[in-house]
Every structure is written in C-alpha cells, then in structure tokens.
Amino acid sequence: MLASSLLDNFRTEHQDDQANKVDKYLHHFQLSDKILMDLSIQFRREMDKGLCRDTNPTAAVKMLPTFVCSTPDGTEQGEFLALNLGGSNFRVLLVKVMANGKQEVEMENQIYAIPEDLMRGSGSELFDHVADCLANFLEKLGIKDKKLPLGFTFSFPCQQTKLDESVLVSWTKSFKANGVEGKDVVSLLRKSIKKRGDFDVDILAVINDTVGTMMTCGYDDHHCEIGLIVGTGTNACYMEHMRNLDLLDGDEGRMCVNTEWGAFGDDGSLEDLRTDIDREIDAGSLNPGKQLFEKMIGGLYMGELVRLILLRMTKDKLLFQGKTTAELLTTGSFNTSYIYSIENEKDDEGLASAEKVLRGLGLDPSGEDCIATQRVCQIVSTRAAHLCAATLGAVLRQIRDNKAAEKLRTTIGVDGSIYKNHPEFSRRLHKMVRRLVPDCDVRFLQSPCGSGKGAAMVTAVAYRLATQHAERQRVLDTLRLSREKLLEVKKRMSEEMLRGLSKQTHEQASVKMLPSFVRDTPDGTEHGDFLALDIGGSSFRVLLVRVKSGKRHNVDMHQKIYSIPQETMQGTGEELFSHIVYCIADFLEYMGMKGASLPLGFTFSFPCYQSKLDQGILLRWTKGFKASGCEGQDVLTLLKDAVHRSQEFDLNFVAVVNDTVGTMMTCSYEDPECEVGLIVGTGTNACFMEEMQNIEVVEGDDGRMCVNMEWGAFGDNGELDDFCTEFDRIVDNCSNNPGKQRYEKMISGMYLGEIVRNVLIEFTDKGLLFRGKMSERLKTRGIFETKFLAQIESDRLAMRQVRSILQHLGLTSSTCDDSVLVKEVCSVVARRAAQLCGAGLAAVVDKIRQNRNLNQLSITVGVDGTLYKTHPHFSSIMQETLQDLAPQCQVTFHKSEDGSGKGAALITAVACRMKSEGQH
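All values derive from a computational prediction rather than experimental measurement.

Thoughts on helix 27 (residues 874-885)
Every α-helix winds through 3.6 residues per turn, so residues three or four apart in the chain are directed the same way.
So, point 1. Counted at 1.5 Å a residue, the expected span for helix 27 with its 12 residues is 16 Å, and the 17 Å between its end C-alpha atoms agrees.
So, point 2. Of the positions making up helix 27, those classed as buried are Phe874, Ser875, Ile877, Met878, Thr881, Leu882 and Leu885. Projected onto a plane normal to the axis of helix 27, the buried residues spread over an arc of 165 degrees and lie on a single side.
So, point 3. Packed against the buried residues of helix 27 are helix 15 (483-501), strand 22 (674-680), helix 21 (742-747), helix 25 (816-851), helix 26 (866-870) and strand 26 (889-895).

See below:
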C-alpha cells in the first residue's frame, strides 16, 4: 500500500517536472489575467471602430449588420423551411414550431450533395440544383402546394443590405461558381424557383451560422442575446443597440451584429501576443495575413499548432531524443480531434491516447514524451479558451453598458466542434469569462442543431414580427389622420365657430364663443401698479404687477402663493372668499402696501358666464371645490363683499379673466401682432380677437373683442364621431363628464396618457406586446401619466427612460422591442393631438384673415400649457399642420411665461387706459 502511494507521488512529481519544462518552453503561450484584460479592452476598441461609419472601412473587426432585429419570444408558431448551404453538402429542413405553450419544435431534414462540377460551374446551374432538391424535399413530404416561409443559412462572406438580401463578396471552401460574386444570392434562388414554376416559397431571411446559433438558443432561453461559434473557425454575434450602429440609419431598437471577430489582429494589433509558431501557421495557410485571431483558436489550426510545437521541441532535442519522422514533418498530420482524447480528464487514458497518436506518427515516445505532449495540448487549447473569453468579455461589457445595468444577466448560445467535443475547453472558457467580467451573470447554452434550426427561427421571428406589425399598424392607423381628415376637422370647427357667434344657434353650438369683454390688447402706454389674483386650484397666487409706460417688456412682478385648506374649498362661499381676502391683506403687508387701493384683475379658471368685463357668473364648481352659495353668483361681487367685511383695504375691481385670454394678453404685451391665445396643458382652449359685428350675442358693431372659444367642447354634438376611435370612447365613458369636452379629450394632457394606456392594453390582450402578459398596474386608470409621453419621446438614452417607466408600471420583464413599440404608440397619440390642435387653429387664423379681407395674414399666437412646453415634438407637428391647412397665414408662436396672472394685470391695465381715454 505504502509502495503504491510512493509510486503515485513519484509519478505525479515526474509529470509535474515534465509539465514545468514545457511551461517554460511555451511561456509566451500562457497569458496572465492582466494581458487578457488588456486584450479585452483592446477588442472593445476594435468593436467601436467597426461600428463607426468613419472607421469601419479600415477596421479589422467589421461588425456587420445582420438585419435580425429581434430574438424569439416564445409566441412563434407555424411551419417554416430552412436551407443550410455552406459546403459540399447542404440540408433542407422543415421546422414545425408548436404553439402549445411548451415551446416544442419538430424537425424533418434531408441532406443533398452538390456535385463538384456544379461547385465550380455556372451560378445559375448551382441554384437550379438547390431549387430541384428543395422541390424534391417538398414533394416527399407532400407539401409542394403550400407556400411556406423559408430561412436561408448561407455561410460564405456576404454583405447584407436587408434581412432578405445578401450579396456574395467572395466564394470560399472550394466553391467557384461563376456569376454569383457581387450578386444577391436570394434573388438567384428566387429566379431558379420561379424558372421551375411548380412550387413557391416566401424567402424571408438569409443569415450566417453564428446568428443561427443565437436564434436557436434564443428560442429555448429568452435571455440569449449572444451567439458564439468555436469549431473549425470562430466567430460571435450579439444584439447591439441601433443607436451604436453608425453604418445604418435609425437609432431605436436593437439589431444582431455579426462581429466577424476571426479577423481581429489583421491590422497588426495582435503582434505582441502572436508567437513564432502563430506566424509559421499563418505563412503556411491559404490566406496569409487574414483571420489571425481565428488561427490562434479555431479547430482548423489547433492541431497544426501542436504539431509545429512538437516538431520545434524535437529539433531542440527536448522530445523524442531529437528524432523526427516523415509523418511529424507532414502538414496537417496532427488532427485537432487528437487533442480531445489526449486531454482526457483521466490522465492515464489521456497519456495512453498520446502514446497511440505519437506512435501513429511513427515516433517511439517515452513516458516523459507523452506527458510533455499532453501538456502542449493543454497549453494550446487553454490559450484558445482564454483568448475567446477575453473577446467575449468585451461583448458582455458592451451589452451591460448599453443597458446601463450594474449587473448583467444574459445567455450565450454556443456551437462548434471544439466547444462541444473538447473535454476541458468549455470549463476553461466559462471560468475565465467569470474572472474577467465578474459583474455579468452568464449562462452558456449549447446549441443542439445550430444553424439550420436557427434559420427557421429567424424566419419564424420575421414572420411573427411581420404579422404582429401588420395587426399593430391596423390598430394604430385608426389613430392616424390623413390631410383630408384634418381639412374636414378644420371645416367643421369653422362651422361651429359661426354657430357659436350667431344669436340664433348659440345655445345649441358646441363651441360657445363666449365674449370676454376684453376689447383691446396693450399698446405700450399702460402704466401703474396692478394687483392680480390667480385662482384655479387648491393653491392660488396673489401678484403685484408694476407696468412702466414706454418700452414693452417693462413689467416688474412680485408674487406669493397661498393654499386653500380642504375644509375651506368645501365650506361656505363666505368662508372661501374671506380666506382669499385675508391672503390679499397678508400680501399687501408683505409688500409694504397695507391699506393701498389698487385696480384688480381676477383670473378665475372655473366655468363662468360674462356679460361685462367686471362680472363673472359661476356656472359650476370643478376641481374639488364645493363652497356653498357661489354657483349662479357673480364671483367679483362675492370678493367685493368679503373686502368690505374685512375693512382692511379697498380695491378697484376691474376684470374677471379666464387663463386663455390672460395668456393672449401677456404675449401681446411683448408682441403687438399677438391676437390669439392658446392653452394646451391639462385641458385645451383658444381665444382670439373677433370683429364686434360678428359677435351677435353682444350689442355693438364697432371694433373687436376677445372671444373665449371654449373649444374643448367641440365634438359634443357629434362633430368628431367619425374621427373617434374605440380608445377615445373608452376614455370618454370612464371620465367624470361622459359626452362632454370631446375635442379636449383627444388633445390635452389630462387624457393622452389614458389613450396610450388603453392602446397598450389592447396590444397586450392580442399578444402583440409584453408577450401578452398584462401587469395589474397597467389596468389602473390614470397610471400612465401624460408626462411619460414627453419623457419617452425625448428618450435618446438607449430606451432607458422607457424601460424605467415600464418597470414603474409593473412590466419588469419588458424587452427592447416592447420599448420601441410603446414609443411608437406614444408618438402616434401625441401626433394626432398636435394635428387636431393645428387643424382647430387653422380654422381660427383663417377666420381672422377672412374677417379682414386679406390675401395673406401675419399673426402671432400666444401659447401656454405643460403639454405644449414639455413635449419634444408637439409644437413642431402642430405648426406643420397649421401651415399646411392655412397656407395664406404666416403664424408666429410666442410662449407665455407666467401667462394667467400677469395677463389679468395687463387686461386691468388696458381697461384702465381705455377708461382714462374715454373709451368703453
């Protein structure tokens, strides 16, 4: 027993001694973690070069776009054909993807030979042969009459311009068929199929084998976004963000990039790592100076690397007593598969394999020679695994940074003879990847039947996307408005405006065209101190506005915000207005103006009927107010009474104003051409200076008066019914005022988020979004805020903003494709809102132009509201629409800063000026 143990120890020490000698001899082949990390960083720079339009032409790592923009999501189903052409044999497959929730795939396939004369003959004959074999396969299965989608794996260097178009750059692997290089191989195949005329297929995709591997594994694991091949050659692909793909237009979503990393180092960047043996391999290859990285890893070269090392060590008298043989001197005599058996995890079996291989090469190896040969194999295959890990680490960091994730969880689909058959390669690769990128949780998934099934999966995904896209567009088209429809909206708005102005039809009109009794805009001569009160919610503002005559823009403002307690909002009117007066007194004291008597403008943003400038009859409370004794009363009288009760100060009550009119007045103070006011915020409204002769509900024909359109109610008489979608009807039915404010519900901030939410629910129910999985939060009314539309459409940060919003909505497993679609929905809904607003505004400015008998009108619109100000595209789309529908009007937009408060003061200033001038 003791003797056996001593013998084992002696053998182990003897083996270690031999291994150390080899390690010393091959120290250049053994790469430290630091060298590998530097290499990984260097490869990341090479990736950037390949992605950038300016540096791509000279980049060694080409980073080719594949036009595969989505991985499988598990909902794919149907029958798909696949054609796998990459050598002297090719496969035809029928892949049935089941829709039973178990993600099962059934496959039938047949291998066909390509005669050598066709490989080197005419291209048209080659593709005719492929078409004949395809026909034979379909006939055998009895499906020749079906037109099935087909995916084509074509493993030759190609330049792809779209998913179903791939131009052959050059033949490899003994193929030399003429008339194919520089041509689209899909077109050539289609032509051959059409020539036969007895069957048809729908060629949806052409891919390379690496992409096929990623897609095959992606069907089983939805986290799979990297494909890796380590076989005869090596390559990788991964899902890259479009914004980084400088070679193509568009920056939304993702696309699979074929790195072609085998060419890493072809520009000389790997010279420090390459050894004399690597240079010798390259010099003796079919393509010297090309695919240098691949030649350090791939199975085509690994056995030859070992042979050259053994030969060199023999010449240096370190092996085989310095005696070579004719076999050892023969290129290619040491097959890569020998390495698999020599590196057997059971050392004794591995050494026995080494002896057998070496004897097969005519050598007479000693035990030491076998140990040394085993160690050479280990060093060469370990270097290959570690080089692969370094480049894979760069790809993983790129994906992690794209997602701005602290820790990345992802899956790598792998295929290739070395990865599958070498007993230790995969373990060494996995271990080094985890050492180089510890912040990435990586699963390696071996592809069972790579590129053939992969081509079918790419086709299945393309087919699913095309079907889903068509269905989604059908739904979204209901929210898209043609120019004809927008012209019809403009026409109907014009008609409703006339009905609102006419005494006869005013009561029935949806657009009420309420007189505001504001008769003029500022002319710059206004001056004095004015008090403004701005009430429209649970907090209100008191402002002191100092207007200096002469120059425009000469206004000083001081303001203070006060809150209204809930019990006061819902108590008595007396309590409410007493509280407001108490706050005004506090403000005057704060400004050192206690006891002053100032003209007051009152912005009161609740529905009111006005019969003069200084009177506003409250029609009904909204926004949570319920103070008793106010509805049907003049709010200025209620305020006057409260001031009299306090006996602390006196005020000159000049004007009650709504916020839209206030916005117009604020802007017209800075731009005299401003005669239209527009609000697009929580709600929407417009006002404009109308000719008195057209306002039949007010006495007098001279001059102009600002008309508060209350256009949010346009459509309440059915004028918009044929433009409303099922989503508009749902939003209206669930609102506090069904059937009312229909135009506003298609445009304003209070409702756009709800429209989007209902579209997302529809898409999810139909399985067109979020893989058909609904989150409970998405079902909550009001959860999709309108501010999300602005944030989502402003998003240029790799959809990060979109993803964080979707996570807030409980959609934690949403994909990049989901984010792109959510953005499209937001864009369509916001675009329609802006176009409807533009159409309404076109009716307003054209009316003003016609009122004045002008061929061309130049006018300014004063605008306020959060939607207009914060949404990145609303204003430009609205302006484009307006310009298109009212080409004879040159319209400038002026954003109002602090519209309604300052506006009330300016209306008061204009009224005081007109009074002093003796006007009414």
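Describing unusual backbone geometry
So, point 1. A positive phi angle is found at Met63, which is not glycine, with a value near 50 degrees.
So, point 2. Inspection of the secondary structure puts Met63 in the loop between helix 2 (33-51) and strand 1 (64-65).
So, point 3. Met63 gets classed as buried once you look at its relative accessible area, which sits at 0%.
So, point 4. Although it is not a glycine, Phe770 sits at a positive phi angle of roughly 50 degrees.
So, point 5. Note on placement: Phe770 falls in the loop between helix 22 (749-765) and helix 23 (786-793).
So, point 6. Residue classification places Phe770 among the buried positions, given a relative accessible area of 5%.

Here's the deal with the confidence of the model for the chain
The predicted coordinates should not be examined in detail at positions where pLDDT is low.
So, point 1. In the predicted model, the chain carries a mean pLDDT of 88, and the fraction of residues at 70 or more is 95%.
So, point 2. The secondary structure element of the chain with the lowest average pLDDT is helix 1 (residues 2-25), at 63, and the one with the highest is helix 13 (residues 425-436), at 97.
So, point 3. Confidence drops under a pLDDT of 50 for residues 1-10, and excluding neighbours within four residues, the segment shows 0 contacts in the predicted structure.

Details of the sheet that holds strand 23 (residues 684-691)
So, point 1. Across the sheet, 6 strands lie side by side as 14-24-23-22-25-26; this open sheet has mixed pairing. Where the open sheet ends on each side, the last strands, each with one partner, are strand 14 (514-515) and strand 26.
So, point 2. Looking at chain direction, strand 22 and strand 25 (residues 857-864) are connected through 5 bridges and run parallel. What sits directly across from Leu678, in strand 25, is Val863.
So, point 3. Across the sheet, helix 25 is in contact with strand 22, strand 23, strand 25 and strand 26; its angle to strand 23 comes to roughly 5 degrees.

Examining the packing of helix 23 against helix 24 (residues 800-808)
So, point 1. The geometry of helix 23 relative to helix 24 is characterised by a closest axis approach of 8 Å and an angle of 150 degrees between their N-to-C directions. The pairing of helix 23 with helix 24 is recorded here as roughly antiparallel in orientation. In this structure, helix 23 uses Phe788, Gln791 and Ile792 to contact helix 24, whose residues at the interface are Gln801, Val802, Ile805 and His808.
So, point 2. Taken together, the residues of the contact of helix 23 with helix 24 break down into 4 nonpolar, 3 polar and no charged.

Looking at the pairing of strand 18 (residues 597-604)
So, point 1. Along strand 18, 7 of the 8 residues are buried, which leaves the element largely enclosed by surrounding structure.
So, point 2. Looking at chain direction, strand 15 (residues 528-535) and strand 18 are connected through 5 bridges and run parallel. Across the sheet, residue Ala532 finds its bridge partner in strand 18, namely Gly601.

Some words on the side chain of Glu719
So, point 1. Turning to its location among the elements, Glu719 is positioned in the loop between strand 24 (704-708) and helix 20 (726-733).
So, point 2. The side chain of Glu719 sits in the buried core without any salt bridge; Arg499 is the nearest counter-charge, 5.6 Å away.
So, point 3. In this structure the side chain of Glu719 is engaged in a polar contact, spanning 2.8 Å, whose partner is the side chain of Ser510.
So, point 4. At 3.4 Å, the side chain of Glu719 and the backbone nitrogen of Asp716 are in polar contact.

Digging into the packing of aromatic side chains
So, point 1. One pass over the structure, following the stated rule, counts 15 aromatic pairs.
So, point 2. On the basis of an interplanar angle of 75 degrees and a centroid distance of 5.9 Å, the ring pair of Phe80 and Tyr463 is categorised as edge-to-face. Of this pair, Phe80 sits in strand 2 (residues 78-85) while Tyr463 sits in helix 14 (residues 450-477), and the two are 383 residues apart along the sequence.
So, point 3. Overall, the relative accessible area of 1% leaves Phe80 in the buried class.
So, point 4. Among the residues examined, Tyr463 registers a relative accessible area of 40% and is labelled partly exposed.
So, point 5. Grouping aromatic residues by their ring pairs yields a cluster made of Phe43, Trp261, Phe264 and Phe293.
So, point 6. A cation over an aromatic ring shows up here: Lys560 above the ring of Tyr590, its NZ or CZ 4.5 Å from the ring centre.

Thoughts on empty space enclosed by the protein
Taking a probe equal in size to a water molecule and rolling it over the atoms shows the remaining empty space.
So, point 1. This model, assessed by the stated rule, comprises 3 cavities of 30 Å³ or more.
So, point 2. Taken as a whole, the second largest cavity encloses approximately 40 Å³ of empty space.
So, point 3. Along the walls of the second largest cavity sit Ala585, Leu588, Glu589, Lys594, Gly595, Glu648 and Phe649, which together make up its complete lining.

What to know about the sheet that holds strand 5 (residues 148-154)
So, point 1. Here we have 5 strands laid out as an open sheet, ordered 4-3-2-5-8, and mixed in their pairing. Both outer strands of the open sheet, strand 4 (105-113) and strand 8 (201-207), are each paired with one neighbouring strand and no more. With strand direction ignored, the average angle separating the axes of adjacent strands in the sheet is 20 degrees.
So, point 2. The pairing of strand 2 with strand 3 (residues 89-97) spans 8 bridges and is antiparallel. Across the sheet, residue Leu83 finds its bridge partner in strand 3, namely Val92.
So, point 3. Relative to strand 8, helix 6 (residues 209-220) is tilted by about 105 degrees, and along the sheet it contacts strand 3, strand 4, strand 5 and strand 8.

Some thoughts on helix 5 (residues 185-196)
So, point 1. The first and last C-alpha atoms of helix 5 sit 17 Å apart over 12 residues, in line with the 16 Å expected at 1.5 Å per residue.
So, point 2. When we look at burial in helix 5, the residues that qualify are Val185, Val186, Leu188, Leu189, Ser192 and Ile193. All buried residues of helix 5 lie within an arc of 165 degrees about the axis, which places them on one face of the element. Facing away from the buried surface of helix 5 by more than 90 degrees, the exposed residues are Lys191, Lys194 and Lys195.
So, point 3. Where helix 5 is buried, its residues meet strand 2, helix 4 (123-141), strand 5, strand 7 (165-168) and strand 8.
So, point 4. With a side-chain oxygen positioned 3.2 Å from the backbone nitrogen of Val186, the residue opening helix 5 is Asp184.
So, point 5. Downstream of helix 5 by a residue or two, Gly197 has a phi angle that is positive, lying close to 75 degrees.

Here's the deal with the side chain of Asp282
So, point 1. Position of Asp282 among the secondary structure elements: in helix 7 (residues 276-283).
So, point 2. Looking at Asp282, its side chain comes within polar contact range of the side chain of Lys295, at 2.7 Å.
So, point 3. Apart from the residues within four sequence positions on either side, Asp282 is in contact with Arg274, Asn287, Pro288, Gly289, Lys290, Leu292 and Lys295.

Let's talk about the pairing of strand 11 (residues 254-258)
So, point 1. Counted residue by residue, strand 11 has 5 buried out of 5 residues, so it is predominantly covered.
So, point 2. Of the two faces of strand 11, the one carrying Arg254, Cys256 and Asn258 and the one carrying Met255 and Val257 are both buried.
So, point 3. With 2 bridges joining them, strand 1 and strand 11 adopt antiparallel strand pairing. Bridge pairing in strand 11 links Pro65 to Val257.
So, point 4. The pairing of strand 10 (residues 234-241) with strand 11 spans 5 bridges and is classified as antiparallel. Residue pairing in the sheet places Met239 in a bridge with Cys256 of strand 11.

Looking at the nonpolar core
So, point 1. Of all hydrophobic cores here, the largest spans 115 residues; its most connected members are Leu678, Met709, Trp711 and Phe874.
So, point 2. The element contributing the most residues to this core is helix 25, with 18 residues.
So, point 3. Contact partners of Trp711, with chain neighbours within four places excluded, come to Met493, Val511, Leu678, Thr684, Asn685, Ala686, Tyr743, Cys837, Gly840, Leu841 and Val844.
So, point 4. Ranked by size, the runner-up nonpolar core spans 112 residues in total, among them Leu26, Met215, Leu245 and Ala456.

Basis of the calculations
- Residues numbered from 1 in each chain as written.
- Predicted model: local features only at pLDDT ≥ 70, side-chain atom pairs only at ≥ 80, totals over all residues.
- Heavy atoms only, no water.
- Helix = DSSP H or I, 4+ residues; strand = E, 2+ residues; numbered from the N terminus.
- Expected span 1.5 Å × (residues − 1).
- Buried < 20%, exposed > 50% of the residue type's maximum accessible area, 1.4 Å probe, protein only.
- Arc of directions from axis to C-beta.
- Contact = heavy atoms within 4.5 Å.
- pLDDT = per-residue confidence, 0-100.
- Pairing = 2+ DSSP bridges.
- Axes fitted to C-alpha atoms, helices over the stretch in contact; angles between N-to-C directions.
- Parallel < 35°, antiparallel > 145°, perpendicular 65-115°, else oblique.
- Nonpolar A, V, L, I, M, F, W, Y, C, P; charged D, E, K, R; others polar.
- Lys, Arg positive; Asp, Glu negative; His and termini not counted.
- Salt bridge = Lys/Arg side-chain N within 4 Å of Asp/Glu carboxyl O.
- Polar contact = N/O pair within 3.5 Å; in protein donor to acceptor, adjacent residues only side chain to side chain.
- Phe/Tyr/Trp six-rings, centres within 6.5 Å; stacked < 30°, edge-to-face > 60°.
- Lys NZ or Arg CZ within 6 Å of the ring centre and 35° of its normal.
- 1 Å grid on protein atoms, 1.4 Å probe; cavity = no way out; pocket = protein on both sides within 12 Å on 5 of 7 lines; lining within 4 Å.
- Points joined across faces, edges and corners; volume = space filled by probe spheres on them.
- Core = buried A, V, L, I, M, F, W, Y, C linked by side-chain atoms within 4.5 Å.

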